[in-house]
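# Results of the structural survey
Each chain, letter by letter, is given below.
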Amino acid sequence: NDIGQVAELHRSTFATGASMTPALLGSYSDYFRQVFLHHPVQVEGITPLVYEEAGEVMGFAGSMLQPMRFRGRPVLARIMSQFSVYPRCRGVAGVKLLQAVLKGPQDLTVADESNTYARALWEACGGRTARLLSFVWIFPFRPCSFALSVVAGRGVLAGISSPVVRSLDWLAERTGLNPFRPVEPRLAGYETNFDELLASLSGELDQSLQPAHDRESLEWALARAARFQNRGKL
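Every chain begins its residue count from 1, and numbering advances along the sequence as written. Per-residue local features are limited, in this predicted model, to residues with pLDDT of at least 70; the limit for side-chain atom pairs, both in listing and counting, is 80 or more; totals at the level of whole chains, interfaces and linings are taken over all residues. Only heavy atoms go into the side-chain values, all of them from the structure, while hydrogens and water stay out.

### A word on the packing of aromatic side chains
A pair of aromatic rings is counted whenever rings of Phe, Tyr or Trp (Trp by its six-membered ring) have centres within 6.5 Å, and the orientation is called stacked for planes under 30 degrees apart, edge-to-face for over 60 and tilted otherwise. This model, assessed by the stated rule, comprises 8 aromatic pairs. Look at Y28 and F32: their rings are 5.7 Å apart centre to centre, the planes differ by 15 degrees, and that puts the pair in the stacked class. Of this pair, Y28 and F32 both sit in helix 2 (residues 22-37), 4 residues apart, roughly one helical turn. For each residue, the accessible area found with a 1.4 Å probe, counting protein chains only, is set against the maximum for its type, and the residue is called buried under 20%, exposed over 50%, and partly exposed in between. On the basis of relative accessible area, Y28 is assigned to the buried category, the value being 7%. Strands are runs of DSSP state E lasting at least two residues, helices are runs of H or I lasting at least four, and both sets are numbered from the N terminus onward.

This is the structure we're talking about:
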């Protein structure tokens, strides 16, 4: 019943649309139901939370369960995402929501994406920021076009200069002067199948913390990934 209000809160906070349209509300409803309400792994006490004032939703903390292994030992990880609070309530609602999340029965809580405000709140409540894992890397395959987009954005200068810049990128690629030219990969790939993927994820990986998927949770994750077809078919 809270989905409509949570969708409007998220839209206004993250600027996902100029206004709430029926199509956007439908997308929100599908997402919230599939990710938070119909996730294949459910544990009491690990659910999405809302903060209300006079019956109005003023804050939201989405969360879902992910079984994991830490150094071979099974642990329950709570993945927190889409944390959003109306600006006028952030001092109270944000703290109370985050405290309620951290008091759950999970062994580990992981925040998925964060802005400066949420990170400061997270650290004030005892959380830590994985700074090395928080970088966003950009690899410019067309460095001249990339430099133009940074300097000129999408303005008139970018439109006028675009043909020249594309020519420079073409020359740099053909003459080997592109410093970002991809090198020959050292790994070989091949087509796999679901059972082989599940077996590899279920085995011991060379890292202390790793997901512990079963057939149902992996099928759910792959089905979610397959919905995003703007970059090709999974």
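### Description of the nonpolar core
Grouped together as the largest cluster of nonpolar side chains are 27 residues, with contacts concentrated most on F32, F60, A61, M80, F83, V85 and L97. Of all elements in the fold, only helix 1 (3-14), helix 2, strand 2 (56-70), strand 3 (73-85), helix 3 (90-102) and helix 4 (116-124) reach the threshold of two or more residues within this core. Nonpolar cores were defined as sets of buried Ala, Val, Leu, Ile, Met, Phe, Trp, Tyr and Cys residues, with membership established by side-chain atoms within 4.5 Å.

### Things to note about the environment of L168
Within the secondary structure, L168 is located in helix 6 (residues 156-175). Given a relative accessible area of 44%, L168 falls into the partly exposed group.

### Focus: the side chain of Q66
Mapped onto the elements of the fold, Q66 is located in strand 2. According to the relative accessible area criterion, Q66 is buried, its value standing at 13%.

### Focus on the state of the cysteines
Any two cysteine sulfur atoms lying within 2.5 Å of each other are counted as a disulfide. Throughout the structure, instances matching the rule amount to 0 disulfides. With no disulfide of its own, C89 lies closest to C125 among cysteine sulfurs, the gap being 17 Å.

### Overview of the pattern of salt bridges
Definition used for salt bridges: Asp or Glu carboxyl oxygen within 4 Å of a side-chain nitrogen of Lys or Arg. Scanning all chains against the criterion turns up 4 salt bridges. Note that R131 is salt-bridged to E123, the shortest N-O span being 3.8 Å. In this structure R131 comes out as exposed when scored by relative accessible area, which is 54%. Between R215 and D195 there is a salt bridge; the shortest N-O distance is 2.5 Å. Placement of the pair is R215 in helix 8 (residues 215-226) and D195 in helix 7 (residues 194-202), with a sequence separation of 20 residues. One connected set of salt bridges, linked through shared partners, spans R119, E123 and R131.

### Overview of the environment of A54
Considering the arrangement of structural elements, one finds A54 in the loop between strand 1 (49-53) and strand 2. Taking relative accessible area as the criterion, A54 reaches 85% and is therefore assigned exposed. For A54 and K233, which are 179 residues apart along the polypeptide, the C-alpha to C-alpha distance reads 45 Å.

### Side note on the pairing of strand 3
Regular strands show a simple pattern: their side chains alternate between the two faces of the sheet. Strand pairing is assigned whenever DSSP identifies at least 2 bridges connecting the two strands. Where strand 2 meets strand 3, 11 bridges bridge the pair, whose relative direction is antiparallel. Each bridged residue has a counterpart across the sheet, and for R69 the counterpart in strand 3 is P74. Linking strand 2 back to strand 3 in an antiparallel pair, the connection comprises 2 residues, with R71 at a positive phi of about 55 degrees. Judged from the 4 bridges that link them, strand 3 and strand 4 (residues 108-111) form a sheet pairing that is parallel. Note that in strand 4 the partner of R78 across the bridge is T109. We call a crossover right-handed when, viewed with the strands running away from us, the connection from the first strand over the helix to the second turns clockwise. Tracing the backbone out of strand 3, into helix 3 and back to the parallel element strand 4 gives a crossover that is right-handed.

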